[in-house]
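A structural walkthrough
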4 protein chains.
Amino acid sequence: MNKPNKWEINVGELATGQALTIPVYQFTPENPSGPSVYIQANVHGAEVQGNAVIFELMKQLENTHLNSVVTLVPLANPMGINQKSGEFTLGRFDPITGINWNREYYDHNFDIEYWYTKNQSHNDSDLFSAFRQTLLSSCQQRLQNPWGISTGQRLATELQILGHQADIVFDLHTGPKSCKHMYCPEYAIDAAQYFSIPYVLVMPNDFAGAMDEAMFCPWWKLSELAETQGRQLDVAVNAFTLELASQERIDMNDAKIDANGILAYLSHKGVITEKVTPVKMDRYACQLENYKKFYAPTAGMIEYLAPLGEKLSVDQPLLSLLRMDQYGTKDEYQHISLDIECIPILHFASAAVHQGTELYKVMTDVFLLEHYPPLKK
Amino acid sequence: MNKPNKWEINVGELATGQALTIPVYQFTPENPSGPSVYIQANVHGAEVQGNAVIFELMKQLENTHLNSVVTLVPLANPMGINQKSGEFTLGRFDPITGINWNREYYDHNFDIEYWYTKNQSHNDSDLFSAFRQTLLSSCQQRLQNPWGISTGQRLATELQILGHQADIVFDLHTGPKSCKHMYCPEYAIDAAQYFSIPYVLVMPNDFAGAMDEAMFCPWWKLSELAETQGRQLDVAVNAFTLELASQERIDMNDAKIDANGILAYLSHKGVITEKVTPVKMDRYACQLENYKKFYAPTAGMIEYLAPLGEKLSVDQPLLSLLRMDQYGTKDEYQHISLDIECIPILHFASAAVHQGTELYKVMTDVFLLEHYPPLKK
Amino acid sequence: MNKPNKWEINVGELATGQALTIPVYQFTPENPSGPSVYIQANVHGAEVQGNAVIFELMKQLENTHLNSVVTLVPLANPMGINQKSGEFTLGRFDPITGINWNREYYDHNFDIEYWYTKNQSHNDSDLFSAFRQTLLSSCQQRLQNPWGISTGQRLATELQILGHQADIVFDLHTGPKSCKHMYCPEYAIDAAQYFSIPYVLVMPNDFAGAMDEAMFCPWWKLSELAETQGRQLDVAVNAFTLELASQERIDMNDAKIDANGILAYLSHKGVITEKVTPVKMDRYACQLENYKKFYAPTAGMIEYLAPLGEKLSVDQPLLSLLRMDQYGTKDEYQHISLDIECIPILHFASAAVHQGTELYKVMTDVFLLEHYPPLKK
Amino acid sequence: MNKPNKWEINVGELATGQALTIPVYQFTPENPSGPSVYIQANVHGAEVQGNAVIFELMKQLENTHLNSVVTLVPLANPMGINQKSGEFTLGRFDPITGINWNREYYDHNFDIEYWYTKNQSHNDSDLFSAFRQTLLSSCQQRLQNPWGISTGQRLATELQILGHQADIVFDLHTGPKSCKHMYCPEYAIDAAQYFSIPYVLVMPNDFAGAMDEAMFCPWWKLSELAETQGRQLDVAVNAFTLELASQERIDMNDAKIDANGILAYLSHKGVITEKVTPVKMDRYACQLENYKKFYAPTAGMIEYLAPLGEKLSVDQPLLSLLRMDQYGTKDEYQHISLDIECIPILHFASAAVHQGTELYKVMTDVFLLEHYPPLKK
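Thresholds, definitions, all that
Residues numbered from 1 in each chain as written. Chains lettered and ligands numbered in written order. Predicted model: local features only at pLDDT ≥ 70, side-chain atom pairs only at ≥ 80, totals over all residues. Heavy atoms only, no water. Helix = DSSP H or I, 4+ residues; strand = E, 2+ residues; numbered from the N terminus. Rg over C-alpha atoms; globule rule 2.2 N^0.38 Å. Buried < 20%, exposed > 50% of the residue type's maximum accessible area, 1.4 Å probe, protein only. 1 Å grid on protein atoms, 1.4 Å probe; cavity = no way out; pocket = protein on both sides within 12 Å on 5 of 7 lines; lining within 4 Å. Points joined across faces, edges and corners; volume = space filled by probe spheres on them. Nonpolar A, V, L, I, M, F, W, Y, C, P; charged D, E, K, R; others polar. Least-squares fit on C-alpha atoms with pLDDT ≥ 70 in both. Contact = heavy atoms within 4.5 Å. Pairing = 2+ DSSP bridges. Buried area = accessible area lost by both parts, 1.4 Å probe. Salt bridge = Lys/Arg side-chain N within 4 Å of Asp/Glu carboxyl O. Polar contact = N/O pair within 3.5 Å; in protein donor to acceptor, adjacent residues only side chain to side chain. Right-handed = clockwise from strand over helix to strand, strands pointing away. Domains from an automatic or database assignment. Phe/Tyr/Trp six-rings, centres within 6.5 Å; stacked < 30°, edge-to-face > 60°. Lys NZ or Arg CZ within 6 Å of the ring centre and 35° of its normal. Axes fitted to C-alpha atoms, helices over the stretch in contact; angles between N-to-C directions.

Check the secondary structure of chain A and you find seven helices and 20 strands. In terms of overall size, chain A behaves like a compact globule, its C-alpha atoms giving a radius of gyration of 22 Å where 377 residues would be expected to give roughly 21 Å. Counting only C-alpha atoms and orienting by the principal axes, one finds that chain A spans roughly 75 × 55 × 45 Å. For chain A, the residues scored as buried account for 66% of the 377 residues in total.

Dropping the structure here:
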């Protein structure tokens, strides 16, 4: 039976002087031969279900034949998790700066072309190893800025240092009220068929600030650059964001299902010797640019009518809007539909909204994952 | 067909100078013969379902034979409703003072005994009328304090002025995550059998600051005082707080059910001529002192296991508590039960809690409403 | 040289499992002969200056001839201190429940009369000791409630246990924007002449929920009860709240001044052998009931004109009120005065206010402390 | 005497249905011959002093010989101004999305090159007029997106529509605790000598999302593009952000000073016929890239020692850091200095800070404005 080691990393200090620490669990087989894995959860404070998935995954990993180093970081944002506002967790953005905790990762801006020129004589494996070392040093340097770095940058950089050491990275999130979905970079689209997740957002390979992008972007750039020089280099790192249904919810049975989905992928990649078959289900995808937001056209009380994760045709209502200040007029109560077919993926958590509140996010131009890439219209 | 009049009351002013207004709808039959009614909703900002109930009730009242003045005030706390914090409504307490918006009503502290001595020669009807006038004047005086009154006091007093004019008062609330229940004063316990609400908290007749108490307490004191002087006076005002399931939720179908429950009571009191039969259901009650809070014994991630509104025996788990910082120890995951049988009524909205967070409120020493009053143990 | 011992008390646990701890420093002379002292600071998160005063006081105590046990608790509310909202500390009330952190102390409700009957045969010293033990046990019991207690109650009770062990208690606070003032119970009014604080609010001896009251009230009740039985008992405990000017401010020089004021009182009580003379200054007082709040009569932008801690006559403006939404009307800009002479003590921290915001607190019917008790009007 | 017209623009709707409106004041001389002016204040909720400056400026404009249309918008962000959290205004970012209210302006992304090709036959004046029309249409289109736009985008776009109609734009802000300073685009550096503001941050001409950039960037791009085609075009719009000292502060006397500074510039531009001489003072500047942030190296209580707006040498302390949890160790209290000479411009508003809090912003590589451009090192 495998038992993980545990230690804590220090990611900051609260005003009273209390250390902000995060538990790190690591499975370390004797002669690791498979790709290393890093999994974190709960970077947004209200998105707790990933902790339960890590729990179930660890319980299972204890009884597998393990070929890789697997590092697991639950409770990855103590300041976000502990930030309550009324009965809810205000853990999406730093309460002081307003910056999204998942947008503080470091966009390595060293000159990759110059770096490649200097290191291209290495074989692939040594090249990867040197590149990884460069990413890690660059993070370390960011931490040691003599004028300091912000609270959110420190947290992100500490997590990034853990992540950069792995070949496979998972960032476990949830939506507000949401069905399961995931973000998958275009180059790694084959991975999406292993998880217990029916909806897939196909991301371009760019950096927009989130953890998954921080993990794979430098590697993808490296591989692109090599290609321009006539060398075929795999993108050495795969990174995914899984959105495990709704926030403020722990469901241990559901956590088992998602732990199994992750295991199916890890089995496929040789992280464990056991064969784990992915669940059979229809999986749907759309390009990220076709993942659309619908904003409240007016203020009001919202009944979210469209079920999440089900196709919504143009004649079905997305939501109803109640205006008690307009009773007796035509605006007192209305149903609102969208002008194109879509699959609603998530909706806002509150039922009383200002004009302009983001109410729904829906997938449009959806195709079966197995049909990827879709024909261009 | 009856059509309500609409006007707005001014309950304050925001920093920018914008008036805080609340819509008031009033049905006014030509020769009102029944008891007057006042219904308000959404004094706590996240508790929106009462608005939907008022909507459905108004739609029904339009088509009844109405004998009473009925005043309806949805959206009764604009500052609370509009106060967002992240994806939720932070509408339970004034964000500046921290005071619960439902604890700012005026506890009339004039000398009732002295008042009664001066007015006891009136017949019942005139006595009631004079007493009501005194309550209203005392509210008006509070509003005109030359040193001002607080934002919350102003709001509460303006609502109180509307409420004091009625014989029957409803304050529509919800719990955080909650099943339907209601607060009913002891003297008016017979009313509880009319609503579509299975759980009843029997309140003592004291003032603790909430709207229902502000409405009936002075009248109950008057009646008690008269009794000491040998005069039998009904408590002239009935007031109830209905808790219409969970906050941050609009459900129009469910609103119809609760509108009907209120109609059944109004029908019984002669407010409408039509006969509306209450829904047949088992209704359970307990004394307010037996409505108990369970606080988080430690911090952790909570799976709320006990279904709301169902009997929970001592061998059934109330909740589970996941501690990812304690993985590998006996504290990593545990089920927690209570030591007495109970009916869980509501639980906290967030799944990640500090030690000492109020997790559940449960009814204990529960009896069938029809068995009221219960035998003392 | 005296060196304090240090330990930490555990007052709760954050959602992530992190312990909430508070540092405790204690000077323990070998054979304490003087009254014991307890000093805490920063129970409201933004009111930090008390920490600096404790720092300076400890530095001085290290070099005195000390006769008493002195316990000092800075940073007394880690959850409040660490709760940021934008650029400010939202540390006045529990962000979840809205309850003021300084209103959660335990109002011992055991039957003092019964207790006295059983213990009256003791001499004064034993009686005090037994009473103190009863207060401490009652706090311990509160902590061990099998259904738990709230986060705020736990914090308050843990502090109360430290406080109940002392004969002299200080709770160090600040106002929002404030000059120095203090709350002094009526029976201990003589103490007020020692501190470096010019304004004194004379409190009745009742419990209203704050730390100082939690400390002295039971003792004052005991002494009152004994008196009804013909026994003269001193109120054994003195407790004071000092308001050390404005929140969100650390001023080390000013901290020295207030540390000296406290030392002057401790010197007078024999806690230290050295003679420390109180600063000569005019000290003014008023009864707590004459400490009045002025609420914003309308919304607007406020220029706080009245200097804090200076007499304001009726023809001097308290503040000006700018209404940019009313430019061109008579309401665009106005000066506001009070109708009685007063001394403004503190004002609100923000310059843009809703109608009903508490803008100023002022002392009225002020007298020189040395003239206490004032003649009744 | 000139009197401004007043109207209100609607920039959104609160959950209760209440319109979010902003007052607009406009002076409209009969035959305007000078450049038009737009001035807004209070886009960040706590930054109120700009309202007072607009008040004083309007009072003065009433008595000038006015040659231009001048539009003034105080209270420009009602949601931000009214968003209180404890005793402060939480008005820097949208409480729902966390996005800075001053980063939602529209970055016009139409193809300027294509536009210029089509319109280059116009003379300068017609070209400007057509370009302005294009900017306005593009804003209108953003507002009419059938899927809606966010609350913050709507507000920003409505303000932008007002701003795009002017030739000179001022956005009035403040720092947290701050001395007066301003942001000035490089191409308009000559303007900086007119205001009553001693510190100038010289901005590159790029778009980073703030109002001033949204105003001048498209015009600067147009002028740059024309230059590549051999045509000399002025940058037709000047836009500035003035930082009028500290937030949460109204000071009517100081407002007069800044109103005069703005008048001096308007006089120079011919907006008013009267000659207003700028105040004589030393004005200092640095490039924006040399405006540096210092983050809290550890947590603690901060005494902000460096006076704002005064040169700080490397041997002078910037701040002191008190650690009451470390009493008795070398970390209990320390002074912190910077390693280069600088002028501290602003500091954080709270005195109790987490590690990584932005404590100070300081100008480095400072030069006298009259020496612009500085020699490159």
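This part takes up empty space enclosed by the protein. Within this structure, the stated rule accounts for 15 cavities of 30 Å³ or more. Estimates place the volume of the largest cavity at around 270 Å³. Around the largest cavity sit 27 residues that line it, and A:Ser85, B:Ser85, C:Ser85, D:Ser85 and D:Leu90 are the ones nearest its centre. The set of elements that each furnish at least two residues to the lining of the largest cavity consists of strand S5 (84-85) of chain A, strand S5 (84-85) of chain B, strand S5 (84-85) of chain C together with strand S5 (84-85) of chain D. Of the residues contributing to the lining of the largest cavity, the split by class is 12 nonpolar, 11 polar and four charged.

For the rest of this paragraph, the subject is the relation of the copies chain C and chain A. Two chain copies, one operation linking them: a rotation about an axis together with a shift along it. Superposing chain C onto chain A takes a rotation of 180° combined with a translation of 0.0 Å along the rotation axis, leaving an RMSD of 0.0 Å. Here the symmetry operator amounts to a two-fold rotation axis. Closest to the rotation axis within chain C is the C-alpha of C:Gln83, separated from it by 3.7 Å. Here 100% of the contact residues of chain C are again contact residues in chain A; the copies associate through an equivalent surface.

Right, let's get into the pairing of strand S14 (residues 300-304) of chain C. Residue and element names in this part refer to chain C. Counting buried positions along S14 gives five out of five residues, so the element sits mostly inside the fold. Sheet topology places S14 next to strand S18 (residues 352-353); two bridges connect them, and they run antiparallel. Paired with Gly300 across the two strands is Val353, which belongs to S18. Relative to strand S15 (residues 319-322), S14 runs antiparallel, the two being bridged by four bridges. By the bridge assignment for S15, Met301 is matched with Leu322.

Taken residue by residue, the interface counts 50 residues in chain C and 50 residues in chain D. Each partner contributes to the roughly 4,400 Å² buried at the junction of chain C and chain D, and carbon and sulfur atoms together form 64% of this total. Contact with chain D buries area across many residues of chain C, yet C:Glu87, C:Met324 and C:Tyr327 alone supply 19% of it, more than any other trio. Taken together, the links from chain C to chain D amount to two salt bridges. Notably, a salt bridge pairs D:Lys59 with C:Glu332, separated by 2.7 Å at the nearest N-O pair.

Tracing the chain through its elements places A:His347 in strand S17 (residues 343-347). Those residues within four positions of A:His347 in sequence are excluded, and the remaining contacts are A:Pro176, A:Lys177, A:Tyr304, A:Leu308, A:Leu359 and A:Tyr360.

Let us look at the relation of the copies chain C and chain D. Mapping chain C onto chain D calls for a screw motion: a turn of 180° about the axis and a shift of 0.0 Å along it, with 0.0 Å RMSD after fitting. Taken together, the interface assignments show that 100% of the residues at the interface of chain C recur at the interface of chain D, consistent with an identical surface on both copies.

On to the pattern of salt bridges. Side-chain pairs of opposite charge can arise where the charged atoms are in close proximity. Scanning the model with the defined rule gives 56 salt bridges over all chains in all. Linking B:Lys3 and B:Glu62 is a salt bridge whose minimum nitrogen-to-oxygen distance equals 3.2 Å. Placement of the pair is B:Lys3 in the segment before strand S1 (5-13) and B:Glu62 in the loop between helix H1 (49-61) and strand S4 (70-73), with a sequence separation of 59 residues. Among the residues examined, B:Glu62 registers a relative accessible area of 4% and is labelled buried. Look at the salt bridges and you will find they share partners, linking A:Lys180, A:Arg249, A:Asp251, A:Asp254 and A:Asp258 into a network.

Contacts between chain C and chain A engage 17 residues on the former and 17 residues on the latter. Roughly 1,500 Å² is buried in total at the junction of chain C and chain A, and carbon and sulfur atoms are behind 52% of that figure. For chain C, the biggest contributors to the area lost against chain A are C:Thr16, C:Gln18 and C:Asn82; these three give 36% of the whole. If you look at where chain C meets chain A, you find 10 residue pairs in polar contact (both at pLDDT 80 or more). Listing elements by their share of the side of chain C that touches chain A, those giving two or more residues are strand S2 (19-27), helix H2 (78-81) and S5 of chain C.

All names here are of chain A. In strand S4 (residues 70-73), alternate side chains face the same way, and those of Val70 and Leu72 on one face and Thr71 and Val73 on the other are all buried. Two elements, strand S2 (residues 19-27) and S4, share three bridges in a ladder whose sense is antiparallel. Residue Tyr25 lies in a different strand from S4, and its bridge partner there is Leu72. Across four bridges, the pairing between strand S3 (residues 37-41) and S4 is parallel. When the bridges of S4 are listed, Ile39 appears paired with Leu72. Crossover handedness for the path S3 to helix H1 (residues 49-61) to S4: right-handed.

Let us now look at the domain arrangement of chain A. Residue and element names in this part refer to chain A. According to the domain assignment, chain A contains domain 1 (5-282) and domain 2 (288-366). Inter-centroid distance (C-alpha atoms) of domain 1 to domain 2 is 32 Å. With 14 residues of domain 1 at the interface, the matching set in domain 2 holds 14 residues. Buried surface at the junction of domain 1 and domain 2, summed over both partners, amounts to about 1,100 Å²; 74% is from carbon and sulfur atoms. Summed over the three residues of domain 1 that lose the most area to domain 2, namely Lys177, Tyr199 and Leu201, the buried surface amounts to 47% of that side. Seen at the junction of domain 1 and domain 2, the total is zero salt bridges. Applying the counting rule to domain 1 against domain 2 returns four residue pairs in polar contact (both at pLDDT 80 or more). Every element with two or more residues in the side of domain 1 that touches domain 2 is listed here: strand S8 (177-178), strand S9 (181-185) and strand S10 (199-203). Partitioning the side of domain 1 that touches domain 2 into residue classes produces nine nonpolar, four polar and one charged.

Now for the packing of aromatic side chains. Considering all chains together, one arrives at 80 aromatic pairs over all chains under this definition. Between A:Phe195 and A:Tyr265, the aromatic rings sit 5.2 Å apart at their centres with planes inclined by 40°, giving tilted as the arrangement. Pair noted here: A:Phe195 is in the loop between S9 and S10 and A:Tyr265 is in helix H7 (residues 252-268), with a separation of 70 residues, a long-range link. Owing to a relative accessible area of 1%, A:Phe195 belongs among the buried residues under this scheme. For A:Tyr265, a relative accessible area of 1% gives the class buried. One aromatic cluster is present, formed by A:Phe110, A:Trp115, A:Phe128, A:Phe131 and A:Trp219 through successive ring pairs. We note A:Lys292 situated over the ring of D:Trp147; from NZ or CZ to the ring centre the distance is 5.8 Å.

Looking now at the sheet that holds strand S7 (residues 168-175) of chain B. Residue and element names in this part refer to chain B. Reading across the sheet, the 10 strands line up as S1-S2-S4-S3-S7-S11-S9-S10-S12-S20 and stay open at both edges, with mixed pairing between neighbours. Looking along the sheet, the strands with just one partner apiece sit at the ends: S1 and strand S20 (367-368). The strands that H1 touches are strand S2 (19-27), strand S3 (37-41), S4, S7 and strand S11 (238-246); relative to S3, the one it contacts most, it runs at about 145°. Helix H6 (residues 211-228) rests against S3, S7, strand S9 (181-185), strand S10 (199-203) and S11 of the sheet, and its axis sits at about 165° to S11.

Looking now at the sheet that holds strand S13 (residues 291-295) of chain C. All names here are of chain C. On the basis of which strands lie adjacent, the open sheet formed by four strands has the order S8-S17-S19-S13 and antiparallel pairing. Edge positions in the open sheet fall to strand S8 (177-178) and S13, since each of these has one partner strand only. Pairing analysis gives four bridges linking strand S17 (residues 343-347) to strand S19 (residues 358-363), with the strands arranged antiparallel. Its bridge partner lying in S19, His347 is registered against Tyr360.

Our next topic: the environment of D:Val237. Residue and element names in this part refer to chain D. Position of Val237 among the secondary structure elements: in the loop between helix H6 (211-228) and strand S11 (238-246). Given the relative accessible area of 2%, Val237 is considered buried. Taking the C-alpha atoms as reference points, Val237 and Ile197, 40 residues apart in sequence, are found 21 Å from one another. For Val237, the residues in contact, after removing those within four places along its chain, are Ala166, Asp167, Tyr187, Met215, Phe216 and Trp219.

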